Amino acid sequence: MKVLVVGGGGREHAIILKLKESPRVDKIYCAPGNAGISEDAECVNIKATDIDALMKFAKDEKIDFTVVGMDDPLVMGIVDKFEENGLKIFGPRKNAAIIEGSKAFSKELMKKYNIPTASYETFDNYNDAYLYIKESKFPIVIKADGLALGKGVLICGSLEDAEKGLKQIMVDKKFGESGDKVVIEEFLTGPEVSVLSFCDGTTVVPMVSAQDHKRAFDGDRGLNTGGMGTFSPSRIYTKEISDICMEKIFKPTVSALKKEGREFKGIIYFGLMITKDGPKVIEYNARFGDPETQVILPRLDFDLFDIFEACVDGKLDKLDIKWKDNAAACVILASGGYPESYEKGFTINGLDKCAKMDNIYIYHAGTAFKDCKFVTNGGRVLGVTGVGKNLDEAIKMAYKGVEFINFKNAHFRRDIGIKKV
Ligand code: AMP
Ligand code: GLY
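Residues numbered from 1 in each chain as written. Chains lettered and ligands numbered in written order. Predicted model: local features only at pLDDT ≥ 70, side-chain atom pairs only at ≥ 80, totals over all residues. Heavy atoms only, no water.

J.: Break down the site of ligand 1 for me, citing the residues and quoting the values.
T.: Neighbouring residues of ligand 1: 14 residues in total, closest E185, E186, L188, E192 and E283. In the environment of ligand 1, a nitrogen atom lies 2.7 Å from a nitrogen or oxygen atom belonging to the side chain of E185. Note that an oxygen atom of ligand 1 is positioned 2.8 Å from one of the side-chain N or O atoms of E283. Protein contacts shield 90% of the accessible area of ligand 1, which totals 480 Å² for the unbound molecule. By residue class, the composition of the shell around ligand 1 is 8 nonpolar, no polar and 6 charged. (Near = heavy atom within 4 Å. Polar contact = N/O pair within 3.5 Å; in protein donor to acceptor, adjacent residues only side chain to side chain. Areas by Shrake-Rupley, 256 points an atom, 1.4 Å probe, with all protein chains shown as cover. Nonpolar A, V, L, I, M, F, W, Y, C, P; charged D, E, K, R; others polar.)

Right, dumping it as structure tokens:
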């Protein structure tokens, strides 16, 4: 089989390394990929959002199967276009990817089908939204409706904060059209868990749980980032909670989408908060998480290609997907300054030493080649995953890997996996 993976970050690198284990996969292409990915797949210089060019490439190269890692092409309808052209592709169609593309849509879906989530109101004009926050209790959460690179959620502690945030989203259009509508919702408290799941339109199979660390600095201080590290499994996601999630959240979501004529095939990422009233949905994503994938896929004890194919063919119920009884932790090495401005182009040392070590996996997120050497080329540069028989060992392995690697201004958190929840 010839497989094309769409995207170019650590998540796509993790997908590719797992697909390489499949005896059914002969050749992997990645568009656009990055320098590290180019050692495991043939990178093609096409942007993940250039759907027409991707389709032409898939036809010309006779690609048998395409896997979409990123959210933007899914929300834009890449799956619909590929299917219309007789190309096999893994991911939700546009009308199902909307669970990530529109927060207003996903909240309405949850309300209609009684799926536990924070109570909310939706507004499409500033004045009504302002009148609502004026009467609200604080803190309150304001969310831009559409995609906003993970930055469209504001937790506002006072009316002043909320007014400022609302203006930025709805009047100044900080996130463009994504802010034409806002969802204003109740502030929930409790630990957060990410549960990703495979879906074939009818059947949903949750993966092992994970937790991420979104803030830039130790102790959850600093700005929100795309993710500074992850670990799996979550210590708080017990069998009892997972059973509740399956019955009250996972199955109802997939069957609600089917009832609405929006059959979901692909990955649903359930962002959950375990509140004192039980688990509630904070957000849905329509794709693998980054960097959750970098701790989940190393634990998979099954052919990933077989799973992707079963999802597309509606045969997920025929598989008995197995996971390793171990743990994984991923530490992100970022460029100093990230998530604000940072410099690129610094030489990365030590990768060859890490490559020789068992139980350490290096996933490239933002790297390029310069004079045949790897250099930094993004905010998040590398994900270093350690695997061990329990979380303590996994965390130790990840930091052992981190010790070998260095580049100018490298920044990473030293407390990945060791928060108490
Ligand atoms: P999101 O981009 O939707 O993942 O939201 C970013 C973060 O905002 C989440 O991981 C939560 O920590 C926080 N958040 C979102 N919605 C709520 C809520 N209703 N109550 C409390 N925190 C929230
Ligand atoms: N790690 C969060 C996300 O992928 O959205």
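Now that the structure is up, let's keep going.
J.: Can you break down the pairing of strand β22 (residues 380-388) residue by residue, with the values?
T.: The buried fraction of β22 is high, at 9 of 9 residues. Bridge count for strand β18 (residues 327-335) against β22 is 8 bridges, and the pairing is antiparallel. Its bridge partner being in β22, C330 is matched across the sheet by T385. Pairing analysis gives 5 bridges linking strand β19 (residues 360-364) to β22, with the strands arranged antiparallel. Considered in β22, the bridge of I362 is made with V384. (Buried < 20%, exposed > 50% of the residue type's maximum accessible area, 1.4 Å probe, protein only. Helix = DSSP H or I, 4+ residues; strand = E, 2+ residues; numbered from the N terminus. Pairing = 2+ DSSP bridges.)

J.: I'd like a rundown of the side chain of S178, residues and numbers included.
T.: With respect to the secondary-structure elements, S178 resides in the loop between α8 (159-171) and β9 (182-186). For S178, the residues in contact, after removing those within four places along its chain, are A144, D145, G146 and L147. (Contact = heavy atoms within 4.5 Å.)

J.: Just give me the short version of the sheet that holds strand β6 (residues 120-123), but keep the residues and values in it.
T.: The strand order across the open sheet built from 4 strands is β6-β9-β7-β8, with neighbouring strands paired in antiparallel fashion. Looking at strand neighbours, the two that pair on one side only are β6 and β8 (153-156), the edges of this open sheet. Taken over all neighbouring pairs, the strand axes of this sheet differ in orientation by 20° on average, direction set aside. Here β6 pairs with β9 via 4 bridges, running antiparallel. Each residue of the ladder has a partner; that of E121, found in β9, is I184. In the packing of α8 onto the sheet, the strands contacted are β6, β7 (140-144), β8 and β9, and the crossing angle to β7 comes to about 5°. (Axes fitted to C-alpha atoms, helices over the stretch in contact; angles between N-to-C directions.)

J.: Give a detailed account of the packing of aromatic side chains, specifying residues and quantitative values.
T.: If you walk through the whole model with that rule in mind, you get 13 aromatic pairs. When the ring of F65 is compared with that of F305, the centres are 5.0 Å apart and the planes differ by 65°; the resulting orientation is edge-to-face. Pair noted here: F65 is in strand β4 (residues 65-68) and F305 is in helix α11 (residues 304-313), with a separation of 240 residues, a long-range link. The exposure class of F305 is buried, given its relative accessible area of 1%. On the numbers, 5.1 Å between centres and 45° between planes, the contact of F123 with Y132 is tilted. Residue Y132 is classed as partly exposed on the basis of its relative accessible area, which comes to 30%. Among the aromatic residues, those joined into a ring-pair cluster are F90, F198, F288 and F308. Taking the ring centre of Y269 as reference, the NZ or CZ of R287 above it sits at 6.0 Å. (Phe/Tyr/Trp six-rings, centres within 6.5 Å; stacked < 30°, edge-to-face > 60°. Lys NZ or Arg CZ within 6 Å of the ring centre and 35° of its normal.)

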